[in-house]
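Letter by letter, the chains look like this.
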Amino acid sequence: MRAGELMSTEGMMQIICNDEKKEIRPGTALVAFLAELGVKPDTVFVECNGVIIKRDEYETYVLPEGARLELIRFVGGG
Amino acid sequence: MPDRKEIEDVLAERHGAALQARIAEGVVGVMGLGGLGSAVAVALVRIGIGKLLLADYDVVELSNLNRQYYFADQIGLPKTVALRDTLLRINPYVSLEIINERLSEERIPFLFQGVDVLAECFDDPVMKPAALRAALTGLAGVGYVGASGMAGFGDNNRIVTRRIYPRVYLVGDAQAEVGPSQGLMAPRVGIAAHHQANQVLRLLLGVDEESE
């Protein structure tokens, strides 16, 4: 799929998060996207376009257009 | 007290000699020795696992006894020591290595180099993704069985085992978080722990199939 095909609302871009289309503003950092979802960054495993993102990169990692994001949220207890 | 050969013979008779030989070669790391890890370790020792690496930094507390494999006379002992004592009562010849430290993402690849399978049994939701990252980036090819979501007394059958990568699995309902409204209780934590133990066994025996 070409990136252009993912464009929708003016000024927004699309990514795929856990197989679901999401619209985000260009330049959105991973940590901001997680905050929008209400996910605590410390409790989620993130893979973007097949690459595991380290926890200390969440603040600076900017989601690329058309990104395929896989999030695995963890809850406490064991 | 039975000797080593008697125990090995009985296990081989029960499980089949070829299968038992593979279990007896298995080396498994257990990260966190709470309700999940203590039960996983007991199950694996009962089936004749070769070696366990048991990691925890905590001591046994009275509040642990509602779900963890410890006894009232072990309160105050490091969990590593208390669990080792219990496991040696099941099989006095099993090989056990204890790691009495608080694990971190950085230390996990170093401490568990060479294990066949790693069981993530942490209570702390921050350590769960950290351990998964550590295994996938620092222990390439290791079998991995993590857990998330087993609090309360919800439906048995919502505890499932999902394959997320080759040889990497997550057990639980992915939702039931421990908190003020629902605590961890022996029955459901035990279900999750035994999902984990069986998945560890499957990996040791070379089974790595997508769930149906």
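Basis of the calculations
- Residues numbered from 1 in each chain as written.
- Chains lettered and ligands numbered in written order.
- Predicted model: local features only at pLDDT ≥ 70, side-chain atom pairs only at ≥ 80, totals over all residues.
- Contact = placed C-beta atoms within 7 Å.
- Nonpolar A, V, L, I, M, F, W, Y, C, P; charged D, E, K, R; others polar.
- Core = buried A, V, L, I, M, F, W, Y, C linked by C-beta atoms within 7 Å.
- Buried ≥ 20, exposed ≤ 12 C-beta atoms within 10 Å, placed from the backbone.
- Helix = DSSP H or I, 4+ residues; strand = E, 2+ residues; numbered from the N terminus.
- pLDDT = per-residue confidence, 0-100.
- Pairing = 2+ DSSP bridges.
- Axes fitted to C-alpha atoms, helices over the stretch in contact; angles between N-to-C directions.

1. Here we look at the interface of chain A and chain B
Counting from both sides, the interface comprises 13 residues of chain A and, opposite them, 28 residues of chain B. Residues that form the side of chain A that touches chain B fall into these classes: six nonpolar, four polar and three charged.

2. Regarding the nonpolar core
Residues and elements named next belong to chain B. Counting 69 residues, the largest nonpolar core has V30, V40, V117, A119 and V200 as the members making the most contacts within it. By residue number, the principal contributor to this core is helix α7 (residues 186–204), which donates eight residues. For V40, the contacting residues outside a window of four places in its chain are V30, A119, C121, A193, Q196 and A197.

3. Points about the environment of B:L136
Residues and elements named next belong to chain B. Tracing the backbone through its elements, the reader meets L136 in helix α6 (residues 127–138). Given 18 C-beta atoms within 10 Å, L136 falls into the partly exposed group. A sequence separation of 27 residues divides L136 from P109, and the C-alpha atoms of the two residues are 9.4 Å apart.

4. Structural notes on the confidence of the model for chain B
All names here are of chain B. Summing up the model confidence of chain B, the mean pLDDT is 97 and the portion of residues at 70 or higher is 99%. Mean pLDDT per element in chain B: strand β6 (residues 160–165) is the minimum at 97, and strand β1 (residues 27–31) is the maximum at 99. Under the prediction, the complex receives an ipTM of 0.92, its pTM being 0.95.

5. A short note on the sheet that holds strand β5 (residues 143–147) of chain B
Residues and elements named next belong to chain B. Across the sheet, which stays open at both edges, the seven strands sit in the order β3-β2-β1-β4-β5-β7-β6 with mixed pairing between neighbours. Among the strands making up the open sheet, the edge pair consists of β3 (95–99) and β6. Strand-to-strand twist across the sheet, computed as the mean angle between neighbouring axes with direction ignored, equals 20 degrees. Running over the sheet, helix α4 (residues 79–90) touches β2 (51–55) and β3 and is turned about 170 degrees from β3.

6. A look at unusual backbone geometry
Positive phi, close to 50 degrees, is recorded for A:N49, a residue that is not glycine. When you line up the elements, A:N49 lands in the loop between β3 (44–48) and β4 (51–52). Its 13 C-beta neighbours within 10 Å are what place A:N49 among the partly exposed residues. Residue B:A174 is not a glycine yet carries a positive backbone phi of 65 degrees. Within the fold, B:A174 resides in the loop between β7 (168–172) and α7. Taking the C-beta count within 10 Å as the criterion, B:A174 has 19 such neighbours and is therefore assigned partly exposed.

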